[in-house]
There are 2 protein chains.
Amino acid sequence: MPVKDYTIQHEKLAQAVQILNEQNVDAWMTFVRETRLTNDPALGLVLGEDMTWHSAFIVTKTGKKIAIVGRYDGDIVKAVGAYDEVIGYDQSIKPALLDALGKLNIRQIAVNYSESDAAADGLNVGMYNSLKRYLEGTQYELISAEEVLNHLRGRKSPGEIARIRSAVKLTEQIVESIGDFIKPGLSELQISDYIHGLFKENSVTPSFTPTVNTGPESSMGHGGPKGDLKVAPGHVVHIDLGVVLKEYVSDIQRIWYVAKSGETSVPEPVQKAFDAVRKAILAAAAVLKPGVQGAVVDDASRASIIASGYPEYKHAVGHHIGRTVHDGSTLLGPRWERYGNSPYGIVEAGNIFTLELGVMVEGYGIVSLEEDVLVTDNGLEWVGAPQTEVMVLRS
Amino acid sequence: MPVKDYTIQHEKLAQAVQILNEQNVDAWMTFVRETRLTNDPALGLVLGEDMTWHSAFIVTKTGKKIAIVGRYDGDIVKAVGAYDEVIGYDQSIKPALLDALGKLNIRQIAVNYSESDAAADGLNVGMYNSLKRYLEGTQYELISAEEVLNHLRGRKSPGEIARIRSAVKLTEQIVESIGDFIKPGLSELQISDYIHGLFKENSVTPSFTPTVNTGPESSMGHGGPKGDLKVAPGHVVHIDLGVVLKEYVSDIQRIWYVAKSGETSVPEPVQKAFDAVRKAILAAAAVLKPGVQGAVVDDASRASIIASGYPEYKHAVGHHIGRTVHDGSTLLGPRWERYGNSPYGIVEAGNIFTLELGVMVEGYGIVSLEEDVLVTDNGLEWVGAPQTEVMVLRS
């Protein structure tokens, strides 16, 4: 195992103690096993390594950090260096867990479940049933860690912000290479293969399967690039991509217009759509401040794009990015059932969101943009340079 | 997205229908969202792609296969080509789900939770709570899919067996290169780096962090290779590694003895330990047949190693391999609490297990072996060539 940097886990555990105090929650426990099989997204924050047997990572309001793990996993947890105590066991976690909890003078234990927030919903039903069985007849009360995790994932630490900046920077370089590569005759699939090649060349993995769309026949869904859809003059080419660099991601969308021979300006329907999309993103950016509710940000961009005469987008205008491309917590999204409570969350300083939406332009293709932005107490910062005009490709 | 081969998903869904009939369960549902964040290990079997919004994959005893997914994920599910019906939705999965279930004439719905089997425990608590809320006041009864998944993951399909064979074959080539590389003076870390290089060269990822141990000071745990532990004459060098090739894994352990100058044979304590370990693996192999209980296989090897005068190993003698290196289902393990029901499962034809155990030899190092074996109706097949003698390195 190459020696790793656990600065971020140390930062996040310190933040967790602070958040437990803000929320007045006695303790928070991440309870996992076989994490290569069923990952709890909280584990990356509290450990940054995989575990095999039942493992409990406990943080208390008073600042205690205790790990209880299978004997073979003990060394690696010690190497992370973030826990005051690393307790190993052989046959069952139950006695060690009850013993450790007994020393903590706590009642509530927040565990990772949430209907609204997938990133706070890492606890599996069987594991929860085991935990309830272990704690039968004790004074402990299991509550949802939704609020704890919401703030913990959302408030990016200095280490996390630095890594996301690096991921966005690399993505911008990759986008530049893609712009140089695109030319009439290339299929969506060829461009996609080229993008995968760029990822490989830069030793990064995609943060999600990149999307490539060319022209009016291409699908806005995630159906995958087509070998028979080829770039042609008059097309809008759209990409949606991101990388994972040192465990943190980027997520951006860009468009190009492929000029027809003799064409001197971007066709009016494309320019008009671009302006409307850009305007809607700026409308969201204008209200994206600490203290505002997620849904209110979505309201702003949704109202803007509708006012510009386009249909509303069928998703949220923004989501957190971090260790994953949909990083849970507060969503800048509409008040729809499937989003649960997430649009009702409050934006905080340190949040890094996408701002994204698009429209289909008949006869040309998909005009859709996505920017990554950092919320600070002193205003919004664009992480990377936003796309402010249609990039034109001439052959 | 490169065009993918979904043969295995088609094979597994056909098996699922058969297993639902064997178990007399009306229907099985995999219920997921944001699967890059919280993976349900069943999803690889029924889809082989990631999903974003709440998604339900339903298989019935009568052979119906229905997917209900967010509108943007519809195309990719259709591309998999394994579902009779792919239903898209925008705001909430609930109406589409209730509508689809209403047409199926079912009562029981098996969902993915299990205390014993991590691979059958992919349903998250928040998702389960949402599902119970959706189904309130209906006739449906949610039950555990543990037994369904146990058999489904365990019985490897022809496509799965072929892929595991390829992964093991490549791993054997990698082990050969490692043997050529090891020499006195190299640290565990240098050997580990070399192994990671070989993985990269072969365009595969490790199925788990590979272990490298040299000499008597090295730790049997997963503490990671050390830069200050260097190969020296008289050491046993031990590796535990596997690859993921086309989504299926290998998992093997090998040892070498580094001869001292003038030494003509393997020192007696090392040879004796090797023979005892090999004998214990053969003892397990001798009883590993369809119909036998997992724990009985572990009993055989545990009794053997103790009879040879060594301490018993602190783990199971074998686990399934497949899409992951601990592939859930029946465990060839002791009847310990943390293993739940898994050692009580029954071995079936088509199962691919590891057989693995080791001992520490004072003054020399870790002597531990691991083989991958396929259970068939006509006896056990070693997937790859087992290590039958101590490999000796001479400088």
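Residues numbered from 1 in each chain as written. Chains lettered and ligands numbered in written order. Predicted model: local features only at pLDDT ≥ 70, side-chain atom pairs only at ≥ 80, totals over all residues.

J.: How should the overall build of chain A be read in this particular structure?
T.: Within chain A, the regular secondary structure consists of 10 helices and 16 strands. Its C-alpha atoms give chain A a radius of gyration of 23 Å, near enough to 21 Å, the size a compact globule of 395 residues would have. Seen through its principal axes, chain A has C-alpha atoms that stretch 80 × 40 × 35 Å. In chain A, buried positions account for 54% of the 395 residues. Intrachain contacts of chain A at a sequence separation of at least 6 include 68% that bridge at least 24 residues. (Helix = DSSP H or I, 4+ residues; strand = E, 2+ residues; numbered from the N terminus. Rg over C-alpha atoms; globule rule 2.2 N^0.38 Å. Buried ≥ 20, exposed ≤ 12 C-beta atoms within 10 Å, placed from the backbone. Contact = placed C-beta atoms within 7 Å.)

J.: Explain the packing of helix α1 (residues 7–23) of chain A against helix α7 (residues 158–181) of chain A here, please?
T.: The geometry of a pair of packed helices is captured by two quantities: the angle between their axes and the separation between those axes. All names here are of chain A. Two elements in contact, α1 and α7, have axes separated by 8 Å at closest approach and are oriented at 135 degrees. What the angle tells us is that α1 and α7 run oblique. Contacts between α1 and α7 pair T7, I8 and E11 from the former with P158, G159 and E160 from the latter. Across the contact of α1 with α7, the residue classes break down as 2 nonpolar, 2 polar and 2 charged. (Axes fitted to C-alpha atoms, helices over the stretch in contact; angles between N-to-C directions. Parallel < 35°, antiparallel > 145°, perpendicular 65-115°, else oblique. Nonpolar A, V, L, I, M, F, W, Y, C, P; charged D, E, K, R; others polar.)

J.: Could you clarify how one ought to interpret the relation of the copies chain A and chain B in this entry?
T.: For these two chain copies, the linking operation is a rotation about an axis paired with a shift along it. Of the transformation placing chain A onto chain B, the axial shift is 0.0 Å and the rotation is 180 degrees, giving an RMSD of 0.0 Å. Look at the turn and shift together and you get a two-fold axis relating the two. The rotation axis passes nearest to the C-alpha of N124 of chain A in chain A, at a distance of 2.1 Å. The share of interface residues of chain A whose copies in chain B are also at the interface is 100%, consistent with both copies meeting through the same surface. (Least-squares fit on C-alpha atoms with pLDDT ≥ 70 in both.)

J.: I tried to follow the sheet that holds strand β5 (residues 108–111) of chain A on my own but got confused; where do I start?
T.: Two orientations exist for strands paired in a sheet by backbone hydrogen bonds: parallel and antiparallel. Residue and element names in this part refer to chain A. A sheet is described by the order of its strands in space; here 6 strands give the open sequence β4-β3-β2-β1-β5-β6, paired in mixed fashion. Taken across any chain shown, the strands that pair with only one partner, and hence form the sheet edges, are β4 (85–89) and β6 (141–144). Between one strand and the next, the sheet's axes are offset by a mean angle of 25 degrees, whatever the strand orientation. Sheet topology note: the strand β1 (residues 27–32)/β5 ladder contains 3 bridges and is parallel. Across the sheet, the residue bridging to W28 is A110, located in β5. (Pairing = 2+ DSSP bridges.)

J.: Which parts of the structure should I look at to understand the interface of chain A and chain B?
T.: The accessible area lost on association of the parts is a frequent measure of interface size. The partner chain B presents 56 residues to the 56 residues of chain A that form the contact. Those elements giving two or more residues to the side of chain A that touches chain B turn out to be α3 (74–80) and α5 (125–134) of chain A. When residues in the side of chain A that touches chain B are grouped by element, the largest group, 6 residues, is from α5 of chain A. Looking at side-chain class alone, the side of chain A that touches chain B contains 19 nonpolar, 23 polar and 14 charged residues.

J.: What is the right way to read the packing of α1 of chain A against helix α6 (residues 146–154) of chain A from this model?
T.: Residue and element names in this part refer to chain A. Where α1 contacts α6, the two axes come as close as 9 Å, and the packing angle between them is 135 degrees. On the basis of their axis angle, the class for α1 and α6 is oblique. When the axes of α1 and α6 are compared, the crossing they make is right-handed. Across the interface between the two elements, K12, Q15, A16, I19, L20 and Q23 from α1 touch E147, V148, H151 and L152 from α6. (Left-handed = near helix turned anticlockwise from the far one by under 90°.)

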